Amino acid sequence: MVSDMPNIKFIKEKQEVVAADGANLRFKALENGIDLYTFMGKMMNCGGYGQCGTCIVEVVEGAENLSPRTPVEQQKLKKRPANYRLACQTMVNGPVSVVTKPKPGEKVEYEANVFQQTSSAPESAAPSAESRLSSEDSDLASAEPIASGSSDSETGDADSSPGKLETV
Ligand code: FES
């Protein structure tokens, strides 16, 4: 489980996305199939340049983990609640929960346990290569000088894969 990377919870969609530190909120939403735009926004959005004001999200939790409002947001959102953000202008630095396409006065039910995780994090464990090597094999590989041959590529590949699970 990746615990040191920011998680973005999209409450309406019941979807949780793992993002790299400093990830752009609009980009992560679109990358994971989250629909940010109303009908008009779909037709007329500016593509993430802070010009159209259609990528609004409501921040329900973790506002302190987001980059501060940009001058563009100050202007576009001056008549909106303080917890509204333009997703395209917002960088995620920690856990956050957001509501897409918020409507004033709308209450979106928040159920903590219903989130489906969509991880685009680089960690997809590949334990099979590692589990082939016993600890005895590893000791031999490090003690002996590596001869140039076809067998050393297998050992090198197994060592280079990070974060594996032991299946033995
Ligand atoms: S996409 Fe236009 S303001 Fe965010």
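Predicted model, so just to flag it, every value in this text is computed and none were measured.

1. Examining the side chain of Asn-24
Structurally, Asn-24 can be placed in strand 3 (residues 23-24). A distance of 3.0 Å separates the side chain of Asn-24 from the backbone nitrogen of Arg-26, its partner in a polar contact. Separated by 2.9 Å, the side chain of Asn-24 and the backbone nitrogen of Phe-27 make a polar contact.

2. Observations regarding the pairing of strand 4 (residues 56-61)
Bridge count for strand 4 against strand 5 (residues 84-86) is three bridges, and the pairing is antiparallel. Paired with Glu-58 across the strands is Tyr-84, a residue of strand 5. Here four bridges tie strand 4 to strand 7 (residues 96-100), and the two strands are oriented antiparallel to one another. What sits directly across from Glu-61, in strand 7, is Ser-97.

3. Describing empty space enclosed by the protein
Picture a little ball the size of a water molecule; that probe, rolled over the atoms, points out where space is still empty. Using the criterion set out here, one finds one cavity of 30 Å³ or more in the structure. When its volume is computed, the largest cavity comes out at roughly 40 Å³. Ile-11, Lys-14, Glu-109, Tyr-110, Glu-111, Val-114 and Phe-115 together form the lining of the largest cavity. Taken together, the residues of the lining of the largest cavity sort by class into four nonpolar, no polar and three charged.

4. A closer look at the environment of Arg-80
Mapping Arg-80 onto the fold places it in the loop between helix 3 (71-76) and strand 5. Apart from residues no more than four positions distant in its own chain, Arg-80 is found in contact with Ile-56 and Arg-69.

5. A few points about the nonpolar core
Ile-8, Phe-10, Leu-25, Leu-36, Cys-55, Val-96 and Val-98 are the most contacted members of the largest nonpolar core, which totals 23 residues. Broken down by secondary-structure element, the contributors of at least two residues to this core are strand 1 (7-10), helix 1 (25-31), strand 4, strand 5 and strand 7. Once residues within four sequence positions are removed from consideration, Leu-25 is found in contact with Ile-8, Phe-10, Val-57, Ala-87, Thr-90, Val-92 and Val-98.

6. A short note on the environment of Glu-109
Here Glu-109 shows up in the loop between strand 7 and strand 8 (116-119). In this structure the C-alpha to C-alpha distance between Glu-109 and Lys-12, which are 97 residues apart in sequence, comes to 7.9 Å.

7. Quick word on unusual backbone geometry
One non-glycine residue, Lys-14, lies in the positive phi region at around 55 degrees. Among the secondary structure elements, Lys-14 is positioned in the loop between strand 1 and strand 2 (15-18). A positive phi angle is found at Lys-101, which is not glycine, with a value near 45 degrees. Following the sequence through the fold, Lys-101 ends up in the loop between strand 7 and strand 8. Overall, the relative accessible area of 27% leaves Lys-101 in the partly exposed class.

8. Observations concerning the environment of Val-96
If you trace the backbone, Val-96 turns up in strand 7. Its relative accessible area of 3% is what places Val-96 among the buried residues. Sequence-wise, Val-96 and Val-60 are 36 residues apart; in three dimensions their C-alpha atoms are separated by 7.6 Å. Look past the residues within four positions of Val-96 in its chain and what remains in contact with it is Asn-7, Ile-8, Lys-9, Val-59, Glu-61, Gly-62 and Leu-66.

9. Topic: the pairing of strand 1
The side-chain alternation of strand 1 yields two buried faces, one formed by Asn-7 and Lys-9 and the other by Ile-8 and Phe-10. In the sheet, strand 1 pairs with strand 2 via four bridges, with the strands oriented antiparallel. Bridge pairing links Lys-9 to Glu-16 in strand 2. Judged from the three bridges that link them, strand 1 and strand 7 form a sheet pairing that is parallel. The partner of Lys-9 across the bridge, within strand 7, is Ser-97.

Rules and cut-offs
- Residues numbered from 1 in each chain as written.
- Predicted model: local features only at pLDDT ≥ 70, side-chain atom pairs only at ≥ 80, totals over all residues.
- Heavy atoms only, no water.
- Helix = DSSP H or I, 4+ residues; strand = E, 2+ residues; numbered from the N terminus.
- Polar contact = N/O pair within 3.5 Å; in protein donor to acceptor, adjacent residues only side chain to side chain.
- Pairing = 2+ DSSP bridges.
- 1 Å grid on protein atoms, 1.4 Å probe; cavity = no way out; pocket = protein on both sides within 12 Å on 5 of 7 lines; lining within 4 Å.
- Points joined across faces, edges and corners; volume = space filled by probe spheres on them.
- Nonpolar A, V, L, I, M, F, W, Y, C, P; charged D, E, K, R; others polar.
- Contact = heavy atoms within 4.5 Å.
- Core = buried A, V, L, I, M, F, W, Y, C linked by side-chain atoms within 4.5 Å.
- Buried < 20%, exposed > 50% of the residue type's maximum accessible area, 1.4 Å probe, protein only.

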